[in-house]
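Single-letter residue listing:
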Amino acid sequence: MEVATNLATIKDKIKHACERSSRNPEDINIIGVTKYVTIERTKETIDAGITNLGENRLEGFLEKHNHFKQESVKWHFIGTLQSRKVKDVIDKVDAIHSLDRSSLAKEINKRASNPVACFVQVNVSGEKTKHGLEPEKVLPFIEELKKYENVYVVGLMTMAPHIDDKEKLRTFFRKLREIRDEIASKQYSHAPCNYLSMGMSNDYEIAIEEGATHIRIGSKLVGSN
Ligand SMILES: *Cc1c(COP(=O)(O)O)cnc(C)c1O
């Protein structure tokens, strides 16, 4: 399927999810996750009008960034980031979605020359295989980040488990929104925390209904090979 065709379908579903939840589709940012696909397919994605791209591994990120750095694309690092690799991405990313520990924040702070937009990753489902902070550790962690002037917390991110139970998925997204609301209400200058990066190919409509501002879509947008 052409990316443009997939995108039209996704936009239609976004529109309906927004109608169901009285939201404005303009508040939903689609991050095209190109980790599965080639440079050619990534070009097609940009040509289809996607302006936010996401990669979860350093190699793929650098390859795509290097190739398309002249394009007006915003670059999102969405995967687990090892501290020693921060220096390789720090001048190239527009947002890091996987901030989940102090050592990583410290390294970002040290390597960045300007504040970097970060999403704090939360493990709302409690699955052992998932990265991210436990919900009750998020607030103290964000308070601790105050000392890092180059770490700017724009929001929270989560990955929901691969399950079909829509109402169960909804509880996880709602949980993330509740944590976000609590943090945003504190009005920290280093952590406005207005955004929610949640929702992937199989669950983005529910995520939008629960407040997602950034959905990360790979397979349903670009395909998975
Ligand atoms: C791969 C990936 C996605 C996109 O997954 P799809 O299910 O293909 O849409 C989103 N977020 C993260 C962190 C990923 O690694």
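Up top is the structure.
Keep in mind that this is a model prediction, so the values were computed, not measured. (Residues numbered from 1 in each chain as written. Predicted model: local features only at pLDDT ≥ 70, side-chain atom pairs only at ≥ 80, totals over all residues. Heavy atoms only, no water.)

Caption draft 1: Spatial organisation of the site of the ligand. Among the 13 residues in the neighbourhood of the ligand, the closest are listed as Lys35, Tyr36, Ser201, Gly218 and Ser219. Within the side chain of Ser201, one N or O atom sits 2.6 Å away from an oxygen atom of the ligand. Computed on the free molecule, the ligand has an accessible area of 390 Å², of which 94% lies beneath the protein chains in the complex. For the shell around the ligand, the per-class residue count stands at 7 nonpolar, 4 polar and 2 charged. (Near = heavy atom within 4 Å. Polar contact = N/O pair within 3.5 Å; in protein donor to acceptor, adjacent residues only side chain to side chain. Areas by Shrake-Rupley, 256 points an atom, 1.4 Å probe, with all protein chains shown as cover. Nonpolar A, V, L, I, M, F, W, Y, C, P; charged D, E, K, R; others polar.)

Caption draft 2: Up close: the side chain of Asn52. Positionally, Asn52 belongs in strand β2 (residues 52-55). Within the structure, Asn52 has its side chain in polar contact with the side chain of His76 (distance 2.8 Å). Sequence-distant contacts of Asn52, defined by excluding residues within four places in its chain, comprise Ile30, Ile31, Gly32, Lys74 and His76. (Helix = DSSP H or I, 4+ residues; strand = E, 2+ residues; numbered from the N terminus. Contact = heavy atoms within 4.5 Å.)

Caption draft 3: Representation of the pattern of salt bridges within the structure. What the rule picks out here adds up to 15 salt bridges. The closest approach of N and O atoms between Arg111 and Glu107, which form a salt bridge, is 2.8 Å. A residue pair is termed a helical-turn pair when its members lie 3 or 4 positions apart in one helix, as Arg111 and Glu107 do in helix α5 (residues 102-111) at 4 residues. Close ionic contact of Glu167 with Arg170 constitutes a salt bridge, the shortest N to O distance being 3.1 Å. Placement of both Glu167 and Arg170 in helix α7 (residues 166-185) is noted, with a separation of 3 residues, approximately one turn of the helix. The buried category is assigned to Arg170, whose relative accessible area is 16%. Residues joined by salt bridges that share partners form a network here, namely Arg20, Glu167, Arg170, Arg174, Arg177, Glu209 and Glu210. (Salt bridge = Lys/Arg side-chain N within 4 Å of Asp/Glu carboxyl O. Buried < 20%, exposed > 50% of the residue type's maximum accessible area, 1.4 Å probe, protein only.)

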